[in-house]
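Structural overview
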Amino acid sequence: MKMLKLANLGGWLSAINETQRVYLPIEAADQVNYGVWTPDSVVRLDALRTVKSAKDAFFPQVENMMNFKTEGKNVSVEMIDPKVENFVVLGVRACDAKSFEILDRVFLSDPYDPFYAARREHSTVVTLACGRPDENCFCVNFGIDPADPKGDATMWIVDDTIYLRASTEKGEALVKDLEDADTAPVEAQQAKTREICEKLPFGKLNLKGFDGDHLMEKFNNPKWAELSRACLGCGTCTFVCPTCQCYDIRDFDTGNGVQRYRCWDSCMYSDFTLMAHGTNRPTQVERFRQRFMHKLVYFPSNNEGMYSCVGCGRCLAKCPQNLNIVKVIKALGGDEA
Amino acid sequence: MQRELIERLNALIGEGVGKRVLGWKRGEFFYDTEPAILAADQLDELVYDSFCGPNLSKYLIQEMPKLGEGEKIIALIKPCDSYSFNQLCTEHRINKDKVYVIGVGCKGKIDVDKIRARGITGITGIDVDGDALTVHTLYGDEQVNRKEVLLNKCLSCKGKEHRVFDEQIGESEETSTGDDRFDMVKKLEAMSAEERFAFWRGELSKCIRCNACRNVCPACSCVKCVFDNPNTGVQNKAAADDFEENLFHIIRAFHVAGRCTDCGECSRVCPQGIPLHLLNRKFISDIDELYGEYQAGEEVGQRHPVINYTQGDCEPSIVHERGSNA
Ligand code: SF4
Ligand code: SF4
Ligand code: SF4
Ligand code: SF4
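The rules behind the values
Residues numbered from 1 in each chain as written. Chains lettered and ligands numbered in written order. Predicted model: local features only at pLDDT ≥ 70, side-chain atom pairs only at ≥ 80, totals over all residues. Heavy atoms only, no water. Pairing = 2+ DSSP bridges. Helix = DSSP H or I, 4+ residues; strand = E, 2+ residues; numbered from the N terminus. Patch = residues over 30% accessible without salt bridge, like charges linked within 9 Å, V, L, I, M, F, W, Y side chains within 5 Å. Areas by Shrake-Rupley, 256 points an atom, 1.4 Å probe, with all protein chains shown as cover. Salt bridge = Lys/Arg side-chain N within 4 Å of Asp/Glu carboxyl O. Lys, Arg positive; Asp, Glu negative; His and termini not counted. Charge placed at Lys NZ, Arg CZ, Asp CG, Glu CD. Buried < 20%, exposed > 50% of the residue type's maximum accessible area, 1.4 Å probe, protein only. Contact = heavy atoms within 4.5 Å. Axes fitted to C-alpha atoms, helices over the stretch in contact; angles between N-to-C directions. Phe/Tyr/Trp six-rings, centres within 6.5 Å; stacked < 30°, edge-to-face > 60°. Buried area = accessible area lost by both parts, 1.4 Å probe. Polar contact = N/O pair within 3.5 Å; in protein donor to acceptor, adjacent residues only side chain to side chain. Nonpolar A, V, L, I, M, F, W, Y, C, P; charged D, E, K, R; others polar. Near = heavy atom within 4 Å. Parallel < 35°, antiparallel > 145°, perpendicular 65-115°, else oblique.

It is worth spelling out the pairing of strand E7 (residues 140–145) of chain B at this point. Residue and element names in this part refer to chain B. With six bridges joining them, strand E6 (residues 132–137) and E7 adopt antiparallel strand pairing. Directly across from His-136, in E7, lies its bridge partner Asp-141. Linking E6 back to E7 in an antiparallel pair, the connection comprises two residues.

In structure tokens, the structure reads:
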């Protein structure tokens, strides 16, 4: 275990920044989101949840994939080279760290995504343990321990000190010059956090029946209509979610060519997977159902039971009308199975 | 008040006034109420308390076609929501004859994010005793003054009069701070063009194009938004560049000008805390100044100044005169 005074965080970041960019929670215009560190950044490691999740580091909201240019009768195609320099993502909470595993399943399985893969390969993930879970955190249901998140290195902040443990070579490279530390303060914090986890209102959700065997039963449950009634069909829940992974590929007409880009898509939108024949999800009931069926039934049935929700609580905190995945789990899970 | 309300609703349903009620129901916590349409046997789920911030008026649009001849839905409408209700009637998006409006009293609604912003997290319960709130958390109890954590829209409340109702239930209490609601607009107007640009870039660059602001807005009631049309060449969901982040909001503010009642929902729902209402208030203050004071949704059937010609109207050249310092 290594340590660093919180007051010296800037110095450490600045040293890392000499060779690689650091991406971490930064406050701007009153909100905390991941951003690239500069000496002027207002670093907010204390913020439990950033508005957008850490997934942007690997899967940004918008990126160009290729360009087409027309000159006379010739069309040239230029692939965008996903050349990425090494970078560090720092301050990732246990839930977001777990989301990378889920995204890996999607983007790194065949046919793998070169943009995502390049960023994953060049990144070092430094996670941060939670000392103060919120009432709507429910990561513990998905085998996540917020007191001991996985990553290349892990940080614990206790009072005015940051404790660090490296788990990989990449992590070791970042912390090797720091002072050695005693593990007792970290263990004490972990014990407290785990005690709070026992008391979390959503700490023990009943996920029985959310699996491939109950697919049709869940799909046809009449409760979806009521569950989705207040849904505005905005994309807030999907855009703040660390595991939502859908994107759309679009062409932008530049006048003398085409810029092909991709941008996050949302199953809550009316044009999601729109096809020539129209759409198979004509109302918000079907769109809403898709989001939760994907996370709780389709994904686990294709991935050995791994849910594609990490219980970060963002959709609970941000839905304008207070709809969320916990309400769905409670309405359709457990004894309903 | 909640018990009184439920009793009254039961009586109304018993008398055959309507079969279903548009109101709010309890969520997983005490603070996360959800807009709901409840039948007689679900009325015990109804809640009306300090956390019923969401404006319900827009939900009536989708209910209209479901109502048979002579049938009504009973709707709970707060004072601020009553302006949106009237505006939607004016635009023929809802039909007053099909709604039995209960004007519910309002003492201001609490913004749980303002409690969180004070570092009070892990909130599990709250006791309300007048203005004294005791917030229970996983980490112990905290005291908060209710008046300090009201939704921003409540701090510039247009007043506690219901602009439409069939009957009223419950007491109201003034929540407006009395400050001029155009204060911030004036500050922005006084800035140099560069400062103002920097302010809006700072705010709008946070936008994730989730479209919650548009979808919650009672004035945005188009069946299909132009930004949802793939043939426009712009993508409603891409936040690729300044155009998508800035112009969307400016275009939207133009589109709702004269119809925006200043209900404050756009800013309430924005996950990135962008003060969108300031764009609308700029339009409202310009309308007030150029055409005389006007409040959308005050009455049904108003013609708002932007679509109503009078001889006293300003000349189009006003655009150049006022735009010259920008
Ligand atoms: S569930 Fe909530 S956040 Fe998600 S689309 Fe519906 S209203 Fe928006
Ligand atoms: S579904 Fe909600 S709680 Fe689950 S990972 Fe996504 S945002 Fe977090
Ligand atoms: S704006 Fe006024 S009427 Fe509306 S919720 Fe707030 S206090 Fe109540
Ligand atoms: S609600 Fe906020 S983040 Fe979403 S589109 Fe509107 S301004 Fe952007």
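Structure's up, so let's keep going.
We now examine a negative patch on the surface. Residues and elements named next belong to chain B. A cluster of like negative charges, contributed by Asp-127, Asp-129, Asp-141 and Glu-142, occupies part of the molecular surface. If you list the elements that add at least two residues to the negative patch, you get strand E5 (123–129) and E7. By secondary structure assignment, the location of Asp-127 is in strand E5.

The next thing to look at is the side chain of Ser-156 of chain B. All names here are of chain B. Residue placement: Ser-156 occurs in the loop between helix H5 (152–155) and strand E8 (167–169). The buried category is assigned to Ser-156, whose relative accessible area is 17%. Discounting chain neighbours no more than four positions away, the residues touching Ser-156 are Ser-176, Arg-181 and Arg-281.

Now for the sheet that holds E5 of chain B. Residues and elements named next belong to chain B. On the basis of which strands lie adjacent, the open sheet formed by three strands has the order E5-E6-E7 and antiparallel pairing. Edge strands, defined here as strands with exactly one partner in the open sheet, are E5 and E7. Neighbour-to-neighbour, the strand axes of the sheet open up by a mean angle of 25°, direction not taken into account. Two elements, E5 and E6, share six bridges in a ladder whose sense is antiparallel. Looking at the pairing, Ile-123 lines up with Thr-137 of E6.

All right, on to the packing of aromatic side chains then. The full count for this structure, using the stated rule, is 24 aromatic pairs over all chains. Ring centres of Phe-138 of chain A and Phe-202 of chain A lie 6.5 Å apart, and the angle between their planes is 85°; on these two criteria the pair is classed as edge-to-face. With Phe-138 of chain A in the loop between strand E8 (123–128) and strand E9 (153–158) and Phe-202 of chain A in the loop between helix H5 (184–199) and helix H6 (215–219), the pair connects residues that are 64 residues apart, well separated along the chain. In terms of burial, Phe-138 of chain A and Phe-202 of chain A fall into one category: buried. Arranged with centres 5.4 Å apart and planes meeting at 40°, the rings of Trp-24 of chain B and Tyr-48 of chain B form a pair that is tilted. Here Trp-24 of chain B, found in strand E1 (residues 20–25), pairs with Tyr-48 of chain B, found in the loop between strand E2 (34–39) and helix H2 (59–63); they are 24 residues apart in sequence, far enough to count as distant. Here Trp-24 of chain B and Tyr-48 of chain B have matching classes, each one buried. Every member of this aromatic cluster is reached through a ring pair, and the members are Phe-58, Phe-59, Phe-87, Phe-100, Phe-107, Tyr-116, Phe-239, Tyr-247, Trp-264 and Tyr-269 of chain A.

All names here are of chain A. Within the element layout of this structure, Phe-272 appears in the loop between strand E13 (257–264) and helix H9 (284–302). In the structure, Phe-272 is positioned 24 residues away from Asp-248 in sequence and 8.3 Å away in space, judged by C-alpha atoms. The residues contacting Phe-272, other than those within four sequence positions of it, are Cys-246, Asp-265, Ser-266, Cys-267, Thr-279 and Arg-281.

All right, on to the interface of chain A and chain B then. Across the boundary between the two partners, chain A contributes 48 residues, which contact 47 residues of chain B. The largest contributions to the chain A side of the interface with chain B come from Arg-132, Glu-135 and Arg-229 of chain A, which together make up 17% of the buried area. Inspection of the chain A/chain B interface yields four salt bridges. Here Lys-330 of chain A and Glu-28 of chain B are joined by a salt bridge, their closest N and O atoms 2.7 Å apart. Linking chain A with chain B are 25 residue pairs in polar contact (both at pLDDT 80 or more). Taken together, the elements giving at least two residues each to the side of chain A that touches chain B come down to strand E3 (31–36), H5, helix H7 (223–228), helix H8 (236–240), strand E12 (247–253), E13 and helix H11 (325–332) of chain A. Classifying every residue of the side of chain A that touches chain B by side-chain character gives 23 nonpolar, eleven polar and 14 charged.

Here the focus is the site of ligand 3. All names here are of chain B. Close contacts around ligand 3 come from Lys-78, Pro-79, Cys-80, Cys-106, Gly-108, Lys-109, Lys-153, Cys-154, Cys-157, Lys-160 and Thr-175, and that covers them all. Every element with two or more residues in the shell around ligand 3 is listed here: helix H3 (79–90) and H5. In terms of residue class, the shell around ligand 3 is made up of five nonpolar, two polar and four charged.

Quick look at the pairing of strand E10 (residues 161–166) of chain A now. Residues and elements named next belong to chain A. Across four bridges, the pairing between strand E1 (residues 2–5) and E10 is antiparallel. Pairing of Leu-4 across the sheet is with Ile-162, part of E10. Pairing of E9 with E10 involves six bridges; the strand directions are antiparallel. Looking at the pairing, Thr-154 lines up with Arg-165 of E10. Taking the residues that link successive antiparallel strands as the turn, the E9-E10 hairpin has two residues, and the phi of Asp-159 there is positive, at about 50°.

Looking now at the packing of helix H6 (residues 183–190) of chain B against helix H11 (residues 277–291) of chain B. Residue and element names in this part refer to chain B. Remark: H6 packs on H11, axes separated minimally by 9 Å, with the N-to-C direction vectors making an angle of 85°. Classified by the interaxial angle, the pair formed by H6 and H11 is roughly perpendicular. Taking contact as the criterion, the partners of Met-184, Val-185, Leu-188 and Glu-189 in H6 are, on H11, Leu-278, Arg-281, Lys-282, Ser-285 and Asp-286.

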